[in-house]
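Residues per chain are reported as follows:
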Amino acid sequence: MRHGIHPVSRPVVFRDRASGFRLLTRSTIGSQHTVEWEDGATHPVVDVEISSASHPFYTGTSRVVDTAGRVERFERRYGPARTRR
């Protein structure tokens, strides 16, 4: 690896705004805000909108969307599709 061309990787806390879940990992992203971690060290914190702790797919609260009947409903509203010639 060549020196001086790679961004600096450091510990960063990613905090889920929806659930409060926090994850300490290494990243090159920077932040002006800091938070104290469980071991007493202070790290930059990045707030994210969603994570595996709050995403419906991972939490098991996802809903199945009913897609049956969409074509029929469209054809009732706008008429059957015409074929091109």
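Cut-offs used in this document
Residues numbered from 1 in each chain as written. Predicted model: local features only at pLDDT ≥ 70, side-chain atom pairs only at ≥ 80, totals over all residues. Heavy atoms only, no water. Pairing = 2+ DSSP bridges. Helix = DSSP H or I, 4+ residues; strand = E, 2+ residues; numbered from the N terminus. Axes fitted to C-alpha atoms, helices over the stretch in contact; angles between N-to-C directions. Salt bridge = Lys/Arg side-chain N within 4 Å of Asp/Glu carboxyl O. Buried < 20%, exposed > 50% of the residue type's maximum accessible area, 1.4 Å probe, protein only.

Enquirer: Can you help me understand the sheet that holds strand β4 (residues 42–48) in this one?
Expert: Within a sheet, adjacent strands bond to each other through the backbone by hydrogen bonds, running parallel or antiparallel. Pairing is mixed in the open sheet, where four strands are placed in the order β2-β1-β4-β3. Two strands lie at the open edges of the sheet, namely β2 (22–27) and β3 (34–36), each paired on one side alone. Each neighbouring strand pair of the sheet contributes to a mean axis angle of 45°, computed without reference to strand direction. Sheet topology places strand β1 (residues 10–16) next to β4; four bridges connect them, and they run parallel. Pairing of Arg15 across the sheet is with Asp47, part of β4.

Enquirer: So what exactly am I meant to see when it comes to the pattern of salt bridges here?
Expert: When the charged atoms of two side chains lie near each other, side chains of opposite charge can form a pair. Following the criterion strictly, the structure yields two salt bridges and no others. A salt bridge links Arg15 to Asp47, with the nearest nitrogen and oxygen atoms 2.7 Å apart. Of this pair, Arg15 sits in strand β1 while Asp47 is found in strand β4, placing the two residues 32 residues apart along the sequence. According to the relative accessible area criterion, Arg15 is partly exposed, its value standing at 27%. Between Arg17 and Glu49 there is a salt bridge, and its shortest N-O distance comes to 3.1 Å. Residue Arg17 is found in the loop between β1 and β2, and its partner Glu49 is found in the loop between β4 and α1 (56–59); the two are separated by 32 residues along the sequence. Side by side, Arg17 and Glu49 carry an identical accessibility label, which is exposed.

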